[in-house]
Every structure is written in structure tokens, then in C-alpha cells.
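Survey of secondary and tertiary structure
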Amino acid sequence: MSKNISTFIACDCEYEDAQTVLFGAPFDGTTSFRPGTRFASSAMRSESFGIETYSPYQDKDLEDICVFDSGDLELPFGSPERALEMIEERAAEILADGKRPCMIGGEHLVTLGAVRAAAKKYPDLHIIHFDAHADLRDDYLGEQLSHACVLHRCWDILGDGRIYQFGIRSGERAEFRFAAEHTYMNKFNFDGIDKAVRKIGQQPVYFTLDLDVIDPSEFPGTGTPEAGGVSFKELMGAIKEVAKLNIVGFDVNELSPVYDQTGRSTALACKLLREILLYFNK
């Protein structure tokens, strides 16, 4: 892969040397409320230079690890299936080279493309999912490829007992009943994350983070804000637990920078991605 001209801060090492490869999936073609997540990856790259490469939380520095930023995919806004195929192709290429894909969305549907690729390489794949929304509808307004259905589509691939959901505080009654039978769901917070980590052990894990898990008082820049969310500090603690797992791919989704003109949501997302990259690159 050729180098991207604009990179997330310090994610500019050579592809051959990288353990993690970052790419953007600027797609929001099925967003059900307020679109704008297609601008997240470019905004995060630009604004990342407002933070330091050093993390005082971990006493680690992005300059000490090797991450390659391969840039944004050029995704067709009118075709969710083709967009997912392109995401799967990029993630599969990264995985085939023995590296870990890190995707910046985009709406949450983009996760499905990366999970398709990861599940083909790792048939025993598990998912850790942080979100305000269950995303377990079988369809949304008749469409099965929707950000409201993404975890149901992932379940279609993985089956029962391999999806762990935390922070969920919104969804249809049917979604919560589906979760009670088919996924592990902890509502409202991260209670039980340590038990989930112990249960999963060293099986391969895809980690997907919908940023609206954070309370909108701290993170208003998202398309579907939900009151009653977690704090940045609580989220950091949960990610620290997840980092104990065998993470084979991960993503950060649903920043919509146009809904926060202060820029604090984008700044938070940048800082969070820095911490995730450092936690997952041991």
C-alpha cells in the first residue's frame, strides 16, 4: 500500500513494518437520523495534530509503536453492499499480511465489512461491542443492511454466545428480547466487562466502538445522541480491560463532527483513538 499524504498523528511508518493499519470508511448512507459521519476520518486526521503523541495515562508514545495510515476508501454512497465489499476487501488484505485493521467510520454499518473479513480468517471470532444502541434489528424500514441492524448481521455470521454488548440503553423491545437469547448484553454501563474478558480468554476478538456510548454532555457530535451514557473516564477503564484480549481488528464509529462546532467531540475521539492504539499495540 502507498503512503497516505494526510495521516492520523504519528501513524506514518512503513506498511511492511506496521503491526496495525488504519483506514477510513467514510460512509453514512443508511443513517436513520442525522447524517455526517462520513466526515469523521478526515476531521480526526486534521484535528489529531492538536493532541500529543504521548499518553500520560499509559506512559507510552505513538512514536514508539508502528501504525500505517492507508487513507480513506472511496465508498459509493448509494450502495451499502458495494461499500461493505470494499471494506471487506481492504480489511482482508490487511489481515492476510498478518496485520491488524483499525477502521475509522462512518456509520456503524461499516463494521460488518470488517467483521466479514475477520470471521473468514478467524472462524472462532468473538465481538466486543460498546454502544448506546443495541443495533440488533433484523431490518430497519425493510432494509437489512442498516446501521440499526449491524450487530444482527454480525450475529448471522457468528451465531450465539460470541457477541458481548456493553453500555446499551436504546432499542426496540424486540432487540432486548433477542439479546437475552442470543448475545451477552450489559445495559447502561460496563459492569461485567472483566468477567467477559476472562470468559473469552485468548480467542480472537473484533472490538467495535460506537462513540455514542459516551454521554452527549461530553460527546454531542454524533448522529443519534442518547442521554444517560458513560463518561470518558469509564470508557477508558473498559478499554483497558478489553486490551487484555487477543484483538485482531477494531474500529471507532459514529463521530459526526458537524454537530459539534466547538470541536470537543472530535478532540475526544482523537484522544480516544490514540489511547486505543497504544493499549492494543503492546
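Now for a look at the structure at hand.

Parameters and conventions
Residue positions are given per chain, counted from 1 along the sequence in the order it is written. Side-chain atom pairs in this predicted model are given and counted only at pLDDT of 80 or more, local residue features only at pLDDT of at least 70, and totals for whole chains, interfaces and linings cover all residues. Remark: hydrogens and water are excluded; side-chain values derive from all non-hydrogen atoms of the structure. We call a pair of cysteine sulfur atoms a disulfide whenever their separation is within 2.5 Å. Strands are runs of DSSP state E lasting at least two residues, helices are runs of H or I lasting at least four, and both sets are numbered from the N terminus onward. In this scheme, a residue with accessible area under 20% of its type's maximum is buried, one over 50% is exposed, and one in between is partly exposed, where area comes from a 1.4 Å probe on protein chains only. For patches, a residue must show more than 30% relative accessible area and have no salt bridge; joins then use 9 Å for like charges and 5 Å for nonpolar side chains, namely Val, Leu, Ile, Met, Phe, Trp and Tyr. Here the Shrake-Rupley method, with its probe set to 1.4 Å, supplies the accessible areas, and only the displayed protein chains count as covering residues. Here a salt bridge means any side-chain nitrogen of Lys or Arg lying within 4 Å of a carboxyl oxygen belonging to Asp or Glu. Positive charges come from Lys and Arg, negative ones from Asp and Glu, while His and the chain ends are left out of the count. Throughout, a charge is located at the NZ atom of Lys, the CZ atom of Arg, the CG atom of Asp or the CD atom of Glu. By definition, two strands form a pair when at least two bridges between them are found by DSSP. To get an axis, a line is fitted to the C-alpha atoms, and for a helix only the part in contact is used. The angle between two axes follows their N-to-C directions and goes from 0 to 180 degrees. Contacts between residues were defined by any pair of non-hydrogen atoms, one from each residue, lying within 4.5 Å. Stacked, edge-to-face and tilted are the three classes for Phe, Tyr and Trp ring pairs, Trp counted by its six-membered ring, which pair at centre distances within 6.5 Å; planes under 30 degrees apart are stacked, over 60 edge-to-face, the rest tilted. Seen with its strands pointing away from the viewer, a crossover is right-handed when the path leading from the first strand over the helix to the second is clockwise. Throughout, nonpolar core names a set of buried Ala, Val, Leu, Ile, Met, Phe, Trp, Tyr and Cys residues whose side chains join them through atoms within 4.5 Å.

Some points on the state of the cysteines
Formally, a disulfide is one covalent bond, and it connects the sulfur atom of one cysteine to the sulfur atom of another. The tally for this structure, following the rule as stated, stands at one disulfide. Note on cysteine connectivity: Cys13 is disulfide-linked to Cys66, with sulfurs 2.1 Å apart. Disulfide Cys13-Cys66: torsion about the S-S bond near 100 degrees, hence right-handed. Taken together, the residues Cys13 in the segment before strand E1 (20-25) and Cys66 in the loop between strand E3 (60-61) and strand E4 (67-72) connect sequence positions 53 residues apart. The thiol sulfur of Cys102 is not disulfide-bonded, and the nearest other cysteine sulfur, from Cys11, lies at 7.8 Å. Given a relative accessible area of 0%, Cys102 falls into the buried group. Looking at the unpaired Cys149, the closest cysteine sulfur is the one in Cys154, lying at 11 Å.

A closer look at a negative patch on the surface
A contiguous patch of negative charge on the surface is contributed by Glu16, Asp17, Glu93 and Asp97. Take Glu93: it is sitting in helix H2 (residues 80-96). A relative accessible area of 37% places Glu93 in the partly exposed class.

Points about the sheet that holds E4
Each strand in a sheet pairs with another by means of backbone hydrogen bonds, the pair being arranged parallel or else antiparallel. Spatially, eight strands are ordered E4-E1-E5-E10-E9-E6-E7-E8 in an open sheet, and the strand pairing comes out parallel. Because the sheet does not close on itself, it has two edges, and the strands there are E4 and strand E8 (184-187). Recorded for the sheet is a direction-independent mean angle of 15 degrees between the axes of neighbouring strands. Pairing geometry for strand E6 (residues 126-130) and strand E7 (residues 163-168), over four bridges, is parallel. Its bridge partner lying in E7, His129 is registered against Gln165. The strands touched by helix H6 (residues 193-200) within the sheet are E6, E7 and strand E9 (204-210), with E7 carrying the most contacts at an inclination of about 170 degrees.

A closer look at the pattern of salt bridges
Within the structure shown, the criterion is met by 15 salt bridges. Across the salt bridge formed by Arg264 and Asp260, the nearest N and O atoms sit 3.9 Å from each other. Its relative accessible area of 39% is what places Arg264 among the partly exposed residues. A relative accessible area of 6% means that Asp260 is categorised as buried. Among the ionic pairs, Arg274 bridges to Glu275, the shortest N-O distance being 2.8 Å. A relative accessible area of 0% means that Glu275 is categorised as buried.

A look at a nonpolar patch on the surface
A contiguous nonpolar patch, built from Phe39, Val258 and Tyr259 and spanning about 250 Å² of accessible area, is present on the exposed surface. Mapping Phe39 onto the fold places it in the loop between E1 and helix H1 (40-47).

Some details on the packing of aromatic side chains
Within the structure shown, the criterion is met by 10 aromatic pairs. Ring centres 5.4 Å apart and planes at 80 degrees place the aromatic pair Tyr15 and Phe68 in the edge-to-face group. Of this pair, Tyr15 sits in the segment before E1 while Phe68 sits in strand E4, and the two are 53 residues apart along the sequence. Classification of Tyr15 by relative accessible area gives buried; the value is 6%.

Here we look at the pairing of E9
Among the seven residues of E9, seven are classified as buried, and the element is accordingly described as predominantly covered. Alternating positions in E9 separate into two faces, Pro204, Tyr206, Thr208 and Asp210 on one and Val205, Phe207 and Leu209 on the other, with burial throughout. Direction of pairing for E6 relative to E9: parallel, over a ladder of five bridges. Bridge pairing in E9 places Phe130 opposite Leu209. As judged from the seven bridges shared by E9 and strand E10 (residues 246-253), these two strands associate in the parallel manner. Of the residues in E10, the one forming a bridge with Leu209 is Val252. On the question of chirality, the crossover connecting E9 to the parallel E10 by way of helix H7 (residues 232-242) is right-handed.

Some details on the nonpolar core
Within the largest apolar cluster, 52 residues are counted, with the highest numbers of intra-cluster contacts made by Phe130, Phe207 and Leu272. The dominant element in this core, judged by the number of residues it contributes, is helix H8 (residues 264-280), at 10 residues. Not counting residues within four places of it along the chain, the set of residues in contact with Phe130 comprises Phe166, Phe190, Ile193, Phe207, Thr208, Leu209, Asp210, Val213, Leu235, Ala238, Ile239 and Val242. By size, the runner-up hydrophobic cluster in this structure holds 43 residues, among which are Ala25, Leu109, Ala117 and Ala179.

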